[in-house]
Each structure stands twice: as C-alpha cells, then as structure tokens.
Amino acid sequence: MLKTRMTEMFGIQHPIMLAGMNWITEPKLVSAVCNAGGLGILAIARCTPRETRELVRQVRDMTDKPFGINQILIGPGAKENIEAAMAEKVPIINYSLGKPWFVGDVHAYGGKVVGTIAIAKHAAKAVQAGCDALVVTGHEAAAHGAAATSMVLIPLVASMVKVPLIAAGGFYDGRGLAAALALGADGISMGSRFMVVKESMVHDNFKRLCMEATEQDTLYDTVFDGLEGRVLKTKEALAMTKRGFPAVEAVKGALLVKKLMGLSWPKFAAISLEMLRAEEGHPLMVLARQAVGNMKHLKAITEGDVEGGILFAGQCCGGITDNPSTKELIDRIMVEAEGVLDKLNKLKG
Ligand SMILES: Cc1cc2nc3c(=O)[nH]c(=O)nc-3n(C[C@H](O)[C@H](O)[C@H](O)COP(=O)(O)O)c2cc1C
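Residues numbered from 1 in each chain as written. Predicted model: local features only at pLDDT ≥ 70, side-chain atom pairs only at ≥ 80, totals over all residues. Heavy atoms only, no water.

Undergrad: Help me understand helix 8 (residues 174–183) in this model?
TA: An α-helical turn contains 3.6 residues, so a residue and the one three or four places further along point in the same direction. For helix 8, the set of buried residues is Gly-174, Gly-176, Leu-177, Ala-178 and Ala-180. Buried residues in helix 8 make contact with strand 1 (16–18), strand 7 (165–168), strand 8 (187–190) and helix 15 (326–346). Following helix 8 by one or two positions, Gly-184 has its phi on the positive side, about 115 degrees. (Buried < 20%, exposed > 50% of the residue type's maximum accessible area, 1.4 Å probe, protein only. Helix = DSSP H or I, 4+ residues; strand = E, 2+ residues; numbered from the N terminus. Contact = heavy atoms within 4.5 Å.)

The following block contains the structure:
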C-alpha cells in the first residue's frame, strides 16, 4: 500500500491514473481502473455534450469510485463538454492544451481540476489558475509531449510548484512508479500501457503491434495531427512524415469538423476566425489536421487497419509485452513498486 498526496487528494487506493485517451478511455476501461483502485479518466473530446452526460452516467453505473474526465480545450465543443461534465458534478476535471476558465465552478461543487502540462513554465501558470494537481508529461509520451523528458521535467516542476504531481510519459511498470516518486511526483499516469489490457477496446492488430514494438519504434512529428506528437511507427505514419503538409486532407478535415459539430457555415466561419485570433489560439488548420489524424486513429483502433491507420503510442511500448486484465496489471505494478522501494531502502548503510 502506497499512500501519497495523489491517493489522499482523490480518495483512491493506488497512485496510478488511466491517462485520458480519446475514443479509448470509455466507461468499460475507466470503471475497470477505478474498481482496481486506480483513477480512471474518461476522454470526452470526441463527444457531444449529450454523449458526455450519457458516458458519465455509464461510468457511474459501473463503479462507485472517484473518476474524472479529460478534455482537450482547443477546438469547438470543448466548452460545452466541460459544462456537461460540470453539470454531472464529475469529481475530477482533467484538461490539456488550453487555459482552464472553469476552476471556480468545479471547486464550487467540490470537484478538483487537474491540468496537463508538458513545459515547466506552464506548470506555474496552471497552479496560478487554481489547478489542484498537475499531470506532467514527458517527451517519451504517446501523443503530445514536448521537448523535455520525464527525467528532466518531473524534478524541475516538483521544485517549482507545491501541488501534487502525476508523472506521465514512459511509465509502464513498478520500477517506473518508484522512480516517479523518487523524482518528486505523487503517482503516475499511463496511456500506452493501458491501451494493451483486456478491457481496452483497441483492436488486437494494434495491441499486437504495441507488444512487438521496441523503444525505437515510434515517430515524433507535427504531421500526424498538426501538433508535435508521438505515434507508433506504422507504414502510414512513415508515409505521412515523407508527404509533409497534407493540404487537401486538411481541407477535407476542416469540412469533417464542420459536419461532426453540426456547424452552420456562418458559425463555422466565426469559430475559424475566433481560433485564428485567440491569444494561444490554434489555427483552424491544426484543428483540420486533428480531424485527419483522428480518422486514421479511428481506423487503427476500431478496424485494426495496419496499412492506413495511425496510433498515438509512447516509447514505453518497448517494455509492453502482454495483454493482462486491468486488475492484474495494477496489482503487479504495486507489488513491483513496493519491492523496488524496499530494495532501495536497504541500500542505506
Ligand atoms: C491513443 C491515445 C490517445 C490520446 N488521447 C488524448 C486525449 O484525448 N487527451 C489528452 O490529454 N491526452 C491524450 N493522450 C495522451 C495521454 O493522455 C498520455 O499523456 C500519454 O499516453 C502518456 O504517455 P505514455 O503513453 O507513455 O503512458 C492520448 C494518448 C494515446 C496513446
């Protein structure tokens, strides 16, 4: 049993979080993590507000433990989704890529806000904005880590802010959990590792690719969804790095965003302008490329399309070799972490 500021703050048994992963962290996996003593995070970026409320209710039907949602704050729909989650009084609101305008409202119903950062100076800003805890994402991570690795970023951020830290990027076993605690974090968040568990909906073809991958088998580039991000080195991912800026696909992506969000042309134009003007705005082309990336991502996880699909995945796939149940994985990590900490303790003369 490891008691940390993370377990205390969120009222959970183990300092292990399921990283929010669009499409993948749905109620079955979220509740499996919660019921095994970890912190499950439902990703709602793909949802309409109505779907958000429905999925939150499904999680509540499957577990009575604390859980959270994850929402990327860029793009249309983010505000409405956060409002839907707040209306459901979701205990933990985890956001990434943006500024949290909703901290006061979440605190008002007794919830906690967890900001995700990948650059040290953003940690201080997130704490100033009122975040209760931070997810600190290193370069090794699947999707949107920045330049600094977990090894460098975690101790830096731990020296800068006083709130509990959850280390993300490269964690997949008990040694990693023990190391994160040693670096100043209060627990870990895992994405890639939780993609390859029995309760994960990721297609077997891609689970197998993750298990076969070495630590060298990922690519880090902006071509996948317009932001710097890491994916598994598949045929299509390699081709995308060679093709460069996908102008035609990006325009198709923008139209897809319009359709998926049910936007009228005037509303679509207004949102595009707003995004182009925003202080930390992400131009519409980024959003459009996200739509393209999302379609290829969906092909990977639902159809198992190893030719045309791409999958966000981290360097730690090199250490992922099995497809256990969520509970087996969490129990194994806890036993291993406690063993490592005992062993280290014995090193003292
Ligand atoms: C398939 C996939 C989808 C992801 N989607 C999101 C998302 O919707 N929101 C987010 O904040 N992070 C997202 N991430 C990043 C994870 O939350 C997390 O930061 C990352 O997986 C941690 O690194 P690891 O894979 O080494 O554990 C995604 C990661 C993966 C693998």
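Undergrad: What am I meant to see in the packing of aromatic side chains here?
TA: We describe a pair of aromatic rings using the distance from one ring centre to the other and the angle between the two ring planes. One pass over the structure, following the stated rule, counts two aromatic pairs. With a centroid separation of 6.0 Å and an interplanar angle of 80 degrees, the aromatic rings of Tyr-95 and Phe-102 are classed as edge-to-face. On the basis of relative accessibility, which here comes to 3%, the residue Tyr-95 falls in the buried class. Phe-102 sits in the buried class, given a relative accessible area of 0%. A ring pair is formed by Trp-101 and Phe-102, whose centres lie 4.9 Å apart and whose planes are at 85 degrees; its orientation type is edge-to-face. Relative accessible area serves as the criterion here: at 42%, Trp-101 is assigned to the partly exposed category. (Phe/Tyr/Trp six-rings, centres within 6.5 Å; stacked < 30°, edge-to-face > 60°.)

Undergrad: Can you help me understand the pairing of strand 7 in this one?
TA: For a regular strand, side-chain orientation follows a simple rule: the groups alternate between the two sheet faces. Burial of strand 7 is two-sided: the residues Leu-165 and Ala-167 facing one way and the residues Ile-166 and Ala-168 facing the other way are all buried. In the sheet, strand 6 (residues 133–137) pairs with strand 7 via four bridges, with the strands oriented parallel. Bridge pairing links Thr-137 to Ala-168 in strand 7. Crossover connection from strand 6 via helix 7 (residues 150–160) to parallel strand 7: handedness right-handed. In the sheet, strand 7 pairs with strand 8 via three bridges, with the strands oriented parallel. (Pairing = 2+ DSSP bridges. Right-handed = clockwise from strand over helix to strand, strands pointing away.)

Undergrad: Would you take a moment to explain the site of the ligand for this structure?
TA: Around the ligand lies a shell of 20 residues, among which Gly-20, Asn-70, Ser-96, Gly-191 and Ser-192 are the nearest. The backbone of Ala-142 places a nitrogen or oxygen atom 3.4 Å from an oxygen atom of the ligand. Between the ligand and Ser-192, the relevant distance is 2.6 Å, taken from an oxygen atom to a side-chain nitrogen or oxygen of the residue. Counting residues per element, the ones that place at least two in the shell around the ligand are strand 3 (67–72) and helix 9 (192–195). The class makeup of the residues in the shell around the ligand is eleven nonpolar, nine polar and no charged. (Near = heavy atom within 4 Å. Polar contact = N/O pair within 3.5 Å; in protein donor to acceptor, adjacent residues only side chain to side chain. Nonpolar A, V, L, I, M, F, W, Y, C, P; charged D, E, K, R; others polar.)

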